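Analysis of the macromolecular model
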Amino acid sequence: MVSHEAKHTISVLVENEFGVLTRVAGLFSGRGFNIESLSVAPTLDDSISRMTIVTSGDDRILEQITKQLNKLIDTIKVIDFTDSEYVERELALIKVQATEDTRAEILRIVDIFRGNVVDVTARSYTMEITGAPSKIQAVVDLLKPIGIQELVRSGPVVLGRGAKGGLSDKG
Amino acid sequence: MKRTGSQILLESLLLEGVDTVFGYPGGTVINIYNDLPDYPIKHILTRHEQAAVHAADGYARASGKVGVAIATSGPGATNTVTGIATAYMDSIPMVVITGQVPTPLIGNDAFQEADIVGMTRSITKHNYLVKDVKDLARIIKQAFYIARTGRPGPVLIDLPKDVQIASTKFVYPDSVELRGYKPTYSGNVRQVEKAAKMILAARRPVLYVGGGATASDAGKNLIEFAELIQAPVVTTLMGMAAFPTGHPLSLGMLGMHGTYYANMAVTNSDLLIAIGARFDDRVTGRIAAFAPKAKIIHIDIDPTSIKKNVRVDLPIVGELRDVIEKIGNKLRENEEQVEAFPELTAPWRSQVAAWRAQYPMSYKSSDSVIKPQYVIEKIRELTDESAIIATEVGQHQMWTAQFFNFSNPRTFLTSGGLGTMGFGLPAALGAQVACPDRQVIDISGDGSFQMNSQELATLVQFKLPVKIAILNNNFLGMVRQWQELFFDHRYSQTPLELPIDFVKLAEAYGATGLRASRPDEVEGVIRKALETPGPVLMEFKIDREENVMPMVPAGAAIDEMVLAS
């Protein structure tokens, strides 16, 4: 069995209670597992939160991560999306320096990537971009030479493709 | 009718069948202690909160029931941490209740405030901070349910003082609703079928039994199963008493201080069936060389235990009794094959017997100096099979595991996972409370004993006739042994220079103290101790530099044993 490090996106439905985030974060840190990104918010049923965690490791580590997450009393369901079809979106807010010379170019890039300008000043544009993390990265790479002042990324969120609710909020 | 939080707590304990709690009062639990005399719950006042938790742990290990401990906030709560971690590592069912500062003060660095929920998150199966008295009954119900089901473990409830005072209508829930907690009890039928096939195909099978066998009271099923397939049985420290050491199929303990024949059997087996064991590093030695020729079947109620340390060919998640019984039934479906099977593995058993004959467990006896192994053999000889033995951690613990020959489950109480010195005395105390009519003995070292020796007071106060055997070598013996063997005899900080008069110490607390300094005094001292009512401390001045052998050096394979020093 050849096992290699790979990136995994995991969705976890948890009880929407205080301390749950610490339990999950503590599980990762206490066992030396990586968290690349993590996003949490309540689901349709507000007694449940959905976490999307991007992590990496070989098969053995991923199996442990999934099992350990399941072992938490507050965890209702865990799905590793890696080997299935899913849609993935991340939101980035990017504040870029804008001068006479660069304003048009910035707007062109925003347009090409179907982003929106959400704040304008005499010296800056703030834009929102959504898409797969690779698309966000492409925008960042293009804007970097122009001058990014501040950047915030939400970390990806994912849903399985198709009609079936693979990770139904009903548990 | 309305009840205060502290009344709800105590009534809920009664409804959970709790008749004994171990604890220590303080400012944030004073309301609970004020109500306690109104309820038929016995409270054992230990002399340290750590001891209260170990006592609840010993109570649980000996009885199989959930142990309960109470401590106040801040230092009371932090003192419980070692006890909770000990119980967590050994999967002991326990509920620990800590007081907390009033909710409006939480986070303000109030007097005797500590974030005990945060601190114990990684050493409890689950924990709770109760913020509303209306949640209290439900939380207690859940806590007991979580503690005793699935893979058992400690659960902590942090109860702020104002929640204890607040009142609400008391309704104890009939059932537990936990959508995120549903242990798998029933072994998968397909996996069971595969296991039966693998067993019949094996020629050198070994059963590797861990603490799960004790937790699930699977002792009888195990004996039946081992006899059906006539497979040799090795146990971990935690699995020790679950399978009788005197059974012809038993090879005793495996691992770092295991028997030669247990380790050889595992290393040469072609099928290792792990039953409620977790492949701890003290068991496996160098992992790459562990059971290299074997296919591994791993039966455990906790999926996270499986494939954590070793590759597993066939995992079966489930309750041990259920899975073992199912495999047995599956095997019996094919009567001819299962009857013929022991014949096929007879050469394997002869090989194992040859290893046993080659290096049996032994030690050099002496007429001039007391050998610790001799003391343990004598204690075994002079007590009956129902005696409960607790130990501390170190050389005496390993000698007890090697030489006591346990026959019955729940008679060997020892801190296996965390290795907590100071565990034995309070654990013995708790076991004696659980089993008042049985002989309870704490086998101790002079180092470990001093970590909770204050519990002599508790023994005397509650008239608990625990007998204590201190194997005194004036050393922190296990570390000294490592220093001797691997650090060129550099005994850094392991000689306990101050010779303590343990007899006088016992007497200071009002207990009886006895001492043996020569081998011919050993039997007399043990007899006298067993005949004397109340707690008795026996001090045995043992051979100072006796080592625990055999020994697998750290990082070596388990068949690369040092057999004698």
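Structure's up top.
Criteria and cut-off values
Residues numbered from 1 in each chain as written. Chains lettered and ligands numbered in written order. Predicted model: local features only at pLDDT ≥ 70, side-chain atom pairs only at ≥ 80, totals over all residues. Heavy atoms only, no water. Contact = heavy atoms within 4.5 Å. Buried area = accessible area lost by both parts, 1.4 Å probe. Salt bridge = Lys/Arg side-chain N within 4 Å of Asp/Glu carboxyl O. Polar contact = N/O pair within 3.5 Å; in protein donor to acceptor, adjacent residues only side chain to side chain. Helix = DSSP H or I, 4+ residues; strand = E, 2+ residues; numbered from the N terminus. Axes fitted to C-alpha atoms, helices over the stretch in contact; angles between N-to-C directions. Parallel < 35°, antiparallel > 145°, perpendicular 65-115°, else oblique. Left-handed = near helix turned anticlockwise from the far one by under 90°. Nonpolar A, V, L, I, M, F, W, Y, C, P; charged D, E, K, R; others polar. Expected span 1.5 Å × (residues − 1). Buried < 20%, exposed > 50% of the residue type's maximum accessible area, 1.4 Å probe, protein only. Arc of directions from axis to C-beta. Pairing = 2+ DSSP bridges.

This part covers the interface of chain A and chain B. Contacts between the two partners involve 20 residues from chain A, matched on the other side by 18 residues from chain B. For the pairing of chain A and chain B, the buried interface totals around 1600 Å² over both sides, and the portion due to carbon and sulfur atoms is 49%. Two residues, Lys 307 of chain B and Glu 63 of chain A, come together in a salt bridge whose shortest N-O distance is 4.0 Å. There are 9 residue pairs in polar contact (both at pLDDT 80 or more) connecting chain A and chain B. Those elements that place two or more of their residues in the side of chain A that touches chain B are helix H1 (20-30), helix H2 (59-71) and strand S4 (75-80) of chain A. For the side of chain A that touches chain B, the element with the highest residue contribution is H2 of chain A, accounting for 7 residues.

Before going further, it helps to spend a moment on the packing of helix H9 (residues 189-201) of chain B against helix H14 (residues 320-333) of chain B. Residues and elements named next belong to chain B. At a minimum axis distance of 9 Å, the contact between H9 and H14 shows a crossing angle of 60°. With respect to H14, the element H9 is oriented oblique. Seen from above, H9 lies across H14 with right-handed handedness. Judged by residue contacts, Val 192, Glu 193, Ala 195, Ala 196, Ile 199 and Leu 200 of H9 engage Lys 326, Ile 327, Lys 330 and Leu 331 from H14. Split into classes, the residues belonging to the contact of H9 with H14 amount to 7 nonpolar, no polar and 3 charged.

With that settled, consider the packing of helix H12 (residues 260-268) of chain B against helix H16 (residues 346-358) of chain B. All names here are of chain B. Where H12 meets H16, the closest approach of the two axes is 8 Å, and the angle between their N-to-C directions is 145°. Crossing of H12 against H16: the hand is right-handed. Two secondary-structure elements touch here, H12 through Tyr 260, Tyr 261, Met 264, Ala 265 and Asn 268 and H16 through Trp 348, Val 352, Trp 355, Arg 356 and Gln 358. The residue makeup of the contact of H12 with H16, split by class, is 7 nonpolar, 2 polar and 1 charged.

What follows concerns H16 of chain B. All names here are of chain B. Here H16 contains 13 residues, and its C-alpha end-to-end distance of 18 Å stays within 8% of the 18 Å for a straight helix at 1.5 Å per residue. Within H16 the residues assigned to the buried category are Trp 348, Val 352 and Trp 355. Buried positions in H16, seen along its axis, are confined to an arc of 55° and lie on one side of it. Residues Pro 347 and Ala 357 are exposed on H16 and point more than 90 degrees away from its buried face. Next to the buried residues of H16 lie strand S9 (205-209), strand S11 (250-253) and H12.

To continue, consider the pattern of salt bridges. All names here are of chain B. Going through the model one piece at a time under the given rule, you end up with 38 salt bridges over all chains. Of the charged contacts, one joins Glu 333 and Lys 330 as a salt bridge, the two residues approaching to 2.9 Å between their closest N and O atoms. One end of the pair is Glu 333 and the other is Lys 330, both in helix H14 and 3 residues apart, which spans about a single turn. Residue Glu 333 is classed as exposed on the basis of its relative accessible area, which comes to 60%. By relative accessible area, which is 25% here, Lys 330 ends up partly exposed. Salt-bridge contacts for Arg 518 lead to Asp 520; the nearest nitrogen and oxygen are separated by 3.3 Å. By relative accessible area, which is 44% here, Arg 518 ends up partly exposed. Several salt bridges share partner residues, and in doing so they unite Lys 378, Glu 381, Glu 523 and Arg 527 into one network.

This next bit is on the sheet that holds strand S4 (residues 67-71) of chain B. Residues and elements named next belong to chain B. Taken together, 6 strands build an open sheet; the order of strands is S3-S2-S4-S5-S7-S6 and the sheet is parallel. Each edge of the sheet is formed by a strand with only one pairing partner; in this case those strands are strand S3 (42-45) and strand S6 (126-129). Strand-to-strand, the axes of this sheet are offset by a mean angle of 20°, without reference to chain direction. Pairing analysis gives 7 bridges linking strand S5 (residues 94-100) to strand S7 (residues 154-160), with the strands arranged parallel. Counterpart to Thr 98 in the pairing with S7 is Asp 158. Contacting strand S2 (20-23), S4 and S5, helix H3 (residues 49-63) runs over the sheet at an angle of about 170° to S4. In the packing of helix H19 (residues 424-434) onto the sheet, contacts are made with S2 and S3, and the angle to S2 comes to roughly 160°.

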